[in-house]
Amino acid sequence: MNASPNRAQILFDLSDRVAIITGGAGLLGYHHGAILAAAGAHVVLLDLAVANPAMRAEQLQLAHGVECLGLPMDITDEKSIVEAKDAVLEKFGRVDILINNAANNPKVEDQKPGQPWSRLENFPLATWNADIAVGLTGAFLCSRIFGQEMAARGSGVIVNVASDLAVIAPDQRLYRQDGLPDDEQPVKPVTYSVVKTALLGLTRYLSTYWVGQGVRVNAISPGGVFNGQPDAFTAKLHELIPMARMAHKDEYQGAILFLCSDASSYMTGQNLIVDGGRSVL
Ligand SMILES: NC(=O)c1ccc[n+]([C@@H]2O[C@H](COP(=O)([O-])OP(=O)(O)OC[C@H]3O[C@@H](n4cnc5c(N)ncnc54)[C@H](O)[C@@H]3O)[C@@H](O)[C@H]2O)c1
């Protein structure tokens, strides 16, 4: 019997690579980490202390048998990112993969009647600044800090997590609530579209900037994940998706593994849209 790995296994093998995931203790970040660990990578989950990245990394390590690390980090604080980078280098000595995944995901359904903060006319400047700081400036800072390590070593991969709303406008009918006047209806916040679209610009910029240093940079644009949203919302959303359903939590793992591994070795600067077909309509 021939026990040597075949080409398919080699392309997706991440043994001994070090993969960093920002917002890694959240809903999708953990699942992205799980597939990379299953492919052999040492996974580092960076997240706010309150999200308990150390505990989530321990779960990954137990489940996949590779050494993982979870560190508290505030992506809006450059010093905190540099400290995380130093800790990763001390433990693993290298960085091969960065997934810029952290984001503010404000729930507009929690908006109180009479306080329609999500509407453009009322959208607080402080919320705009905070959302940009986490989703966009955070991705810029992490790319700069971790990307330099990859460029200096001559190889690496950055994946920016965008959204279907990076390529289509939000359909605000999804968020409407019965009984509210038009000027009090909740809407998808403007920052979500702006941050996600800007990440595609960051992706293209970085892809040519470090192309000579062997760093590939791509984006993924996931559609909505089912996570217990109310039936009234999902029923409306399913109407807009050719596959007529939201994604499962683990359904981006294939695309993430593809983008982070040598399976995508000739791909850079692109946006992989995985949305059940929503954006083709
Ligand atoms: N869930 C979806 O339906 C969906 C769809 C498309 C795109 N996305 C994108 O996928 C990514 C992950 O989404 P998710 O559903 O797992 O959301 P999530 O809210 O569960 O995870 C986001 C993580 O970012 C972390 N974070 C927030 N502020 C931070 C800060 N200052 N410093 C460090 N970490 C911080 C949070 O603690 C959280 O763990 C996001 O970029 C999101 O926009 C999600």
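The structure under discussion appears in the preceding block.
Note that the structure is predicted; figures quoted are calculated from it, not measured.

Colleague: So what's going on with the environment of Asp74? Residues and values would help.
Modeller: Here Asp74 lies in the loop between β3 (69–72) and α4 (78–92). Placed 52 residues apart in sequence, Asp74 and Thr22 show a C-alpha to C-alpha distance of 9.5 Å. Asp74 has contacts with Leu48, Ser80 and Ile81, leaving out every residue within four places of it along the chain.

Colleague: Any chance you could break down the site of the ligand for me, citing the residues and the numbers?
Modeller: Around the ligand sit 24 residues in total, of which Leu28, Asp47, Asn101, Lys196 and Val225 are the nearest. Side-chain polar atom of Asp74 to a nitrogen atom of the ligand: 2.9 Å apart, as the coordinates give it. For the ligand, an oxygen atom lies 2.8 Å from a polar atom in the backbone of Val225. Relative to its free-state accessible area of 820 Å², the ligand is covered by the protein chains to the extent of 85%. At the level of secondary structure, the elements contributing two or more residues to the shell around the ligand comprise α2 (27–38) and α6 (190–209). In terms of residue class, the shell around the ligand is built from 13 nonpolar, eight polar and three charged.

Colleague: Tell me about the side chain of His32, and please be specific about residues and values.
Modeller: With respect to the helices, strands and loops of the structure, His32 is situated in helix α2. With relative accessibility at 3%, the residue His32 sits in the buried group. Excluding residues that lie within four positions of it along the chain, His32 makes contacts with Ile21, Ile99, Asn101, Tyr252 and Ile256.

Colleague: Tell me about the packing of aromatic side chains, residues and numbers included.
Modeller: Here the structure, examined in full by the defined rule, presents four aromatic pairs. Taking 5.9 Å as the distance between ring centres and 40° as the angle between the ring planes, the aromatic pair formed by Tyr175 and Phe233 counts as tilted. Highlighted residues: Tyr175 in the loop between β5 (156–161) and α6 and Phe233 in helix α7 (residues 231–239), separated in sequence by 58 residues. With a relative accessible area of 14%, Tyr175 lands in the buried category. Overall, Phe233 belongs to the buried group, its relative accessible area being 19%. Ring centres of Tyr205 and Tyr209 lie 5.9 Å apart, and the angle between their planes is 15°; on these two criteria the pair is classed as stacked. A residue pair is termed a helical-turn pair when its members lie 3 or 4 positions apart in one helix, as Tyr205 and Tyr209 do in helix α6 at four residues.

Colleague: So what's going on with α2? Which residues, and what values?
Modeller: Within an α-helix, residues lying three or four positions from one another point in the same direction, as the helix has 3.6 residues per turn. Over its twelve residues, α2 extends 18 Å from the first C-alpha to the last, a length consistent with the 16 Å expected when each residue adds 1.5 Å. The buried count for α2 comes to nine of twelve residues, which makes it a mostly enclosed element. Looking only at α2, the buried set comprises Leu28, Gly29, Tyr30, His32, Gly33, Ala34, Ile35, Leu36 and Ala37. Gly40 occupies a position one or two residues after α2 and carries a positive phi of about 105°.

Colleague: Lay out the pairing of strand β2 (residues 42–47) with the relevant residues and their values.
Modeller: Taken residue by residue, a regular strand's side chains alternate between the two faces of the sheet. For β2, a buried count of six out of six residues is recorded, marking the element as mostly surrounded by other parts of the structure. With burial as the criterion, each face of β2 is covered, one bearing His42, Val44 and Leu46 and the other bearing Val43, Leu45 and Asp47. Inspection of the sheet shows strand β1 (residues 18–22) paired to β2 by five bridges, in the parallel sense. Considered in β2, the bridge of Thr22 is made with Leu46. Bridge count for β2 against β3 is four bridges, and the pairing is parallel. In the sheet register, Leu45 faces β3, and the bridge partner there is Gly70.

About the thresholds
Within each chain, residue numbers correspond to sequence positions counted from 1 in written order. For this predicted model, a pLDDT threshold of at least 70 governs which residues receive local features, and a threshold of 80 or more governs which side-chain atom pairs are given and counted, while totals over whole chains, interfaces and linings are taken from all residues. Heavy atoms throughout the structure, all of them, feed into the side-chain values; hydrogens and water do not. Every helix listed is a DSSP run of H or I at least four residues long, and every strand listed is a run of E at least two residues long, numbered separately from the N terminus. We call two residues contacting when some pair of their heavy atoms lies within 4.5 Å. Whether a residue is near a molecule or strand depends on its heavy atoms: if one lies within 4 Å, it is near. Side-chain atoms alone can form a polar contact between residues adjacent in sequence; in general such a contact is a pair of N or O atoms within 3.5 Å, and within protein one must be able to donate a hydrogen while the other accepts it. Using a 1.4 Å probe, accessible areas were evaluated by the Shrake-Rupley method; residue-level cover was limited to the displayed protein chains. Each residue is assigned to one class: nonpolar for Ala, Val, Leu, Ile, Met, Phe, Trp, Tyr, Cys and Pro, charged for Asp, Glu, Lys and Arg, and polar for all the others, Gly among them. Whether a residue is buried, partly exposed or exposed follows from its accessible area with a 1.4 Å probe, protein chains only, as a fraction of its type maximum: under 20%, in between, or over 50%, in that order. Stacked, edge-to-face and tilted are the three classes for Phe, Tyr and Trp ring pairs, Trp counted by its six-membered ring, which pair at centre distances within 6.5 Å; planes under 30 degrees apart are stacked, over 60 edge-to-face, the rest tilted. Here, expected helix span is obtained from the residue count minus one, scaled by 1.5 Å. A pair of strands is labelled paired if DSSP reports no fewer than 2 bridges between them.

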